[in-house]
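# Topology and contacts: notes
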Amino acid sequence: MATFFQGRWLRLRARVCVVGISLCLAGVAFADEQPAAPEQVTAFSRLHDLTARATSHASELVIRAMGMIGIRYKYGGTAPENGLDCSGLVRYVFKDAWGADLPRTSEEMSRVGEKVDTRNLQPGDLVFYNTLRHAFSHVGIYLGDNKFIHSPSPGGQVRIESMDLSYWKKRFNGARRINEPE
């Protein structure tokens, strides 16, 4: 029972952190700013609407993924109650947040969506690594700021890692962006 409440607390804490970060990144309008010309306002409004929609979908993925922090690793695991492996985590989060059915393995996931250059990574993108001496043997979800969330290995739990660590830099295989729901 304690682990149930601990898991719920971790998920709630993660949601609060993500909402706080989102509010900070949203920006603040200053009173001394000059109003834009009408045609700029219209173009800006359209761009803002598109960005907000994309950001909300990505935010939903990030929030759901962060809610999995602390879930134990289990090889072949596909549900938080029993444990998750790396692809089980990604598959579960995308299904839960977007209703998207992703392939079961990280290698199969590496073939869906569109290829993304590391300079263009956005929250919600999949990041792939060679951790088992073959390409695309590990997958995580990019969170922003060169961080990703994943289910690492036996004995571990879902956690956030820095892509800047030499271990991950050496093993990076690429990234993919899954099409967002309409």
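Whatever comes next refers back to the structure up there.
Starting afresh in each chain, residues are numbered from 1 along the sequence in its written order. The predicted origin of the model limits local features to residues at a pLDDT of at least 70 and limits the giving and counting of side-chain atom pairs to 80 or more, whereas totals for whole chains, interfaces and linings rest on all residues. Based on all heavy atoms of the structure, the side-chain values leave hydrogens and waters out of the count.

### Looking at the overall build of the protein chain
What counts as a helix is a DSSP run of H or I of at least four residues, what counts as a strand is a run of E of at least two, and both are numbered from the N terminus. In terms of regular secondary structure, the protein chain is built from five helices and eight strands. For the protein chain, the N- to C-terminal ordering of α and β elements is α-α-β-β-α-α-β-β-β-β-β-α-β. Within the protein chain, buried positions represent 38% of all 182 residues. Two residues qualify as a contact provided that any one of their heavy atoms is within 4.5 Å of a heavy atom in the partner residue. Taking as baseline every contact in the protein chain between residues at least 6 positions apart, the subset at least 24 positions apart corresponds to 54%. A 1.4 Å probe and the Shrake-Rupley method give the accessible areas. Residues count as covered only by the protein chains that appear here. In the structure as shown, the protein chain presents an accessible area of about 11,300 Å², 55% of it carried by carbon and sulfur atoms. Buried means the residue's accessible area, taken with a 1.4 Å probe over protein chains only, is under 20% of the maximum for its type, while exposed means over 50%, and partly exposed covers the values in between.

### A closer look at the layout of surface pockets
Each cavity reported here is a set of points on a 1 Å grid over the protein atoms alone in which a 1.4 Å probe fits but cannot get out, each pocket an open set with protein on both sides within 12 Å along at least five of seven lines, and each lining residue one with an atom within 4 Å of a point. Grid points are joined across faces, edges and corners, and a volume is the space filled by probe spheres set on the points. Put simply, the second largest pocket is a space of about 440 Å³. Elements with a minimum of two residues in the lining of the second largest pocket: α3 (86-98), α4 (106-109) and α5 (166-171).

### Topic: the side chain of Ser 162
Residue placement: Ser 162 occurs in strand β7 (residues 159-162). Under the rule applied, a polar contact is a pair of N or O atoms within 3.5 Å (in protein, one hydrogen donor and one hydrogen acceptor; residues adjacent in sequence only if both atoms are side-chain atoms). Polar side-chain contacts of Ser 162 include one of 3.1 Å to the backbone nitrogen of Asp 164.

### Considering the pairing of strand β8 (residues 172-177)
As paired elements, strand β3 (residues 114-116) and β8 share three bridges and run antiparallel to each other. Across the sheet, residue Lys 115 finds its bridge partner in β8, namely Arg 176. By this definition, two strands are paired if DSSP reports at least two bridges between them. Inspection of the sheet shows strand β4 (residues 126-129) paired to β8 by four bridges, in the antiparallel sense. Its bridge partner lying in β8, Leu 126 is registered against Arg 176.

### A closer look at the nonpolar core
Buried Ala, Val, Leu, Ile, Met, Phe, Trp, Tyr and Cys residues form a nonpolar core when they are joined through side-chain atoms within 4.5 Å. Among the nonpolar cores identified, the biggest contains 25 residues, and Val 90, Phe 94, Leu 126 and Ile 141 are the most heavily contacted of them. For this core, the element with the most residues is α3, which contributes seven residues. The residues contacting Ile 141, other than those within four sequence positions of it, are Ala 65, Val 90, Val 93, Phe 94, Gly 124, Asp 125, Leu 126, Val 127, Lys 147, Phe 148 and Ile 149.

### Focus on the packing of aromatic side chains
Note on aromatic pairs: each is described by the distance of the centres and the angle between the planes. Think of it this way: a Phe, Tyr or Trp ring, Trp meaning its six-membered ring, pairs with another when their centres are within 6.5 Å, and the plane angle makes it stacked under 30 degrees, edge-to-face over 60, tilted otherwise. Counted by the stated rule, this structure contains seven aromatic pairs. Ring geometry for Phe 128 versus Phe 136: centroids 5.7 Å apart, planes at 75 degrees, classification edge-to-face. Consider the rings of Phe 148 and Trp 168, whose centres lie 5.1 Å apart with planes at 85 degrees: the pair is edge-to-face. Remark: Trp 168 occurs in helix α5 and Phe 148 occurs in strand β6 (residues 147-150); sequence separation between them is 20 residues.

### A short note on the environment of Phe 148
Overall, Phe 148 belongs to the buried group, its relative accessible area being 0%. Residues Phe 148 and Pro 123, spaced 25 residues apart in sequence, show a C-alpha to C-alpha distance of 8.7 Å. In this structure Phe 148 touches Val 127, Tyr 129, Gly 140, Ile 141, Tyr 142, Leu 143, Arg 159, Ile 160, Glu 161, Ser 162, Met 163 and Trp 168, once residues within four positions along its chain are discounted.

### Examining the sheet that holds β3
Adjacent strands of a sheet form backbone hydrogen bonds with each other and so pair up, either parallel or antiparallel. If you walk across this open sheet you meet the six strands as β3-β8-β4-β5-β6-β7, and the pairing is antiparallel. At either end of the open sheet lies a strand with only one pairing partner, and these are β3 and β7. Between one strand and the next, the sheet's axes are offset by a mean angle of 40 degrees, whatever the strand orientation. Every axis corresponds to a line fitted to the C-alpha atoms, with the helix fit spanning only the stretch in contact, and the corresponding angles, defined between N-to-C directions, vary from 0 to 180 degrees. Strands β4, β5 (138-144) and β6 of the sheet are contacted by α3, whose axis makes an angle of about 50 degrees with β5.

### Notes on the pattern of salt bridges
Salt bridges are identified by distance alone: a Lys or Arg side-chain nitrogen within 4 Å of an Asp or Glu carboxyl oxygen. Here the structure, examined in full by the defined rule, presents eight salt bridges. When the shortest N-O distance is used, the salt bridge between Arg 104 and Asp 85 registers 3.0 Å. One end of the pair, Arg 104, is in the loop between α3 and α4; the other, Asp 85, is in the loop between β2 (83-84) and α3, with 19 residues separating them in the sequence. In this structure Arg 104 comes out as partly exposed when scored by relative accessible area, which is 25%. By relative accessible area, which is 7% here, Asp 85 ends up buried.

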